[in-house]
Amino acid sequence: MAKENQEIKVSVIVPIYNTENYLPQCLESICTQTLKEIEIICVDDGSTDRSLALAKEAAEKDRRITVLEQENLGGGAARNKGMAIAKGEYLAFLDSDDYMERDMLEKMYHAAWKEAADISICKARRYHDDLGIYTDLPGAMREELLPDLHVFSWEDMPETIFNAFHNWPWNKLFRREFIEAEEIAFQEIHRTNDLYFTCRALMAAERITLVRECLVNYRVGTKGSCQDTNQDYPLDFYEAFRKMKAFLEKEGYYEQVEKSFVNHALDGCIANLYSQEGCADQEMLYRQLKGCLFENLGIRRQPADYYYAFNQEAYQASRIIVEQDYKTFLRYRIRQLKDERDRIIREDLARRETDLQELHSSFTWKVGRKVTAPLRLLARLFRKKS
């Protein structure tokens, strides 16, 4: 490896599309990382707002930032364009409406370097932009599906390799030479373009290691982000699963990882159907799932106990799709959305109550109460006199 390449420990690739409201926080979270030996490659995917201008302004302030431009080809093409010029020992990816914790890259790089890993993976959390709260994101790392090993490969967990970690690239570091040697690239479609890349990498990696901390924040409930393109490309996710299934069958892996793949495919089908809410194409996708897509991905013929505990709600939804009409499915989904929102609010209130109790029991709180006691007494006396 050339000396100039060794100086860059991590190349962070950021595909950008119409996220002017969130891009400054995203870039700041990268620029202020405790790991300084990084490069930041921003690839504007034909934004029509001020995103490109903001990226260029950031590049003027931080020489580690490079800004590339392309027509609107999707996030997969943008990431590939960034990888083509990356010089870092490891590759990181971050969507332009998400943001990192300050020590993410340092901890991820240290774990990968220490274990000579092809991939390191961390936990993540979800930030609800519309509600202003954080919630857990269990799909980033499902502890119950992991092998009891510090370093492992897919052969140590063939039935859960695609379920223990979601196919997001942004909570992972990938060794660049490993990715290049395996000739792994993002699928150049607009939606779910990361599935093939990440799942291929998980299958090819000889050494995977973990950082069991939430180090990246996934923003949801936004407008004008890449999430909103779901409705424009409703079948891209199916193309991604179909390509991955064809690869596994061609290479002779499919029988060994079939359960993991089918569980992941069910999760993906239902998530993408839900992403079409409020769009006329949802009924079209519903009918295609009912007609042949479930069958083509091996989902329809499996019994309930074939699916993991986290996937049981998706399985119930799939049975409603197969056995009931679209109106029945909509009624089921409305009830589910209400229950989910109520659960999120309850969990947030419980978290706030726990934080308050911890504050009240802290030494600082108790000292503060004693110091301010005379002032509070005077305040009560004043209120009584007035």
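K.L.:
Even after reading the chapter, I still don't get the packing of aromatic side chains, so can you show me in this structure?
P.N.:
Pairs of aromatic rings are described using the distance from one ring centre to the other and the angle between the two planes. On inspection of all chains with the given rule, the structure shows 23 aromatic pairs. Pairing F93 with F174 gives two aromatic rings, centres 6.1 Å apart and planes at 65°, and the pair type is edge-to-face. Placement of F93 in strand β4 (residues 90-93) and of F174 in strand β8 (residues 172-175) is noted, with a sequence separation of 81 residues between them. The buried category is assigned to F93, whose relative accessible area is 1%.

K.L.:
So what exactly am I meant to see when it comes to the nonpolar core here?
P.N.:
One broad rule of soluble globular proteins: the nonpolar side chains tend to lie buried together. Counting residues in hydrophobic clusters, the biggest one holds 73 residues, and the most contacted among them are F165, M244 and F261. Looking at this core, the element that brings in the most residues is helix α9 (residues 254-274), giving 10 residues. If we ignore the near neighbours within four places in the chain, the residues touching F165 are I121, G139, A140, M141, L146, F152, M157, K172, L202 and L210. Counting 40 residues, the second largest nonpolar core, distinct from the first, contains I30, I40, M100 and L173.

K.L.:
Would you mind going over the packing of α9 against helix α10 (residues 281-296) with me for this structure?
P.N.:
Closest axis-to-axis distance for the α9/α10 pair is 9 Å, and the angle between their directions is 160°. When the axes of α9 and α10 are compared, the pair comes out roughly antiparallel. Judged by the twist between their axes, the crossing of α9 over α10 is left-handed. Contacts between α9 and α10 pair C269, I270, N272, L273 and Y274 from the former with Q282, L285, Y286, L289 and F294 from the latter. Class assignment of the residues belonging to the contact of α9 with α10 gives a composition of eight nonpolar, two polar and no charged.

K.L.:
How should I be thinking about helix α2 (residues 23-31) in this particular structure?
P.N.:
Because an α-helix packs 3.6 residues into every turn, residues spaced three or four apart end up facing the same way. Of all the positions in α2, only L23, C26, L27, S29, I30 and C31 are classed as buried. The inward-facing, buried residues of α2 contact β1 (10-16), β2 (38-45), α3 (51-61), β3 (65-70) and β5 (99-100).

K.L.:
Just checking my understanding: could you explain the pairing of strand β7 (residues 133-136) for this structure?
P.N.:
In regular strands, side chains alternate between the two faces of the sheet. Sheet topology note: the strand β6 (residues 119-128)/β7 ladder contains four bridges and is antiparallel. Bridge pairing in β7 links H128 to I133. Between β6 and β7, which pair antiparallel and follow one another directly, the connecting turn spans four residues, one of which, G132, has a positive phi of 70°.

K.L.:
Help me understand the side chain of R142 in this model?
P.N.:
The topology assignment puts R142 in the loop between β7 and β8. Within the buried core, R142 has no salt-bridge partner, and the shortest N-O distance to an opposite charge, that of E144, equals 4.5 Å. Those residues within four positions of R142 in sequence are excluded, and the remaining contacts are N163, A164 and F310.

How each quantity is defined
Residues numbered from 1 in each chain as written. Predicted model: local features only at pLDDT ≥ 70, side-chain atom pairs only at ≥ 80, totals over all residues. Heavy atoms only, no water. Phe/Tyr/Trp six-rings, centres within 6.5 Å; stacked < 30°, edge-to-face > 60°. Helix = DSSP H or I, 4+ residues; strand = E, 2+ residues; numbered from the N terminus. Buried < 20%, exposed > 50% of the residue type's maximum accessible area, 1.4 Å probe, protein only. Core = buried A, V, L, I, M, F, W, Y, C linked by side-chain atoms within 4.5 Å. Contact = heavy atoms within 4.5 Å. Axes fitted to C-alpha atoms, helices over the stretch in contact; angles between N-to-C directions. Parallel < 35°, antiparallel > 145°, perpendicular 65-115°, else oblique. Left-handed = near helix turned anticlockwise from the far one by under 90°. Nonpolar A, V, L, I, M, F, W, Y, C, P; charged D, E, K, R; others polar. Pairing = 2+ DSSP bridges. Lys, Arg positive; Asp, Glu negative; His and termini not counted. Salt bridge = Lys/Arg side-chain N within 4 Å of Asp/Glu carboxyl O.

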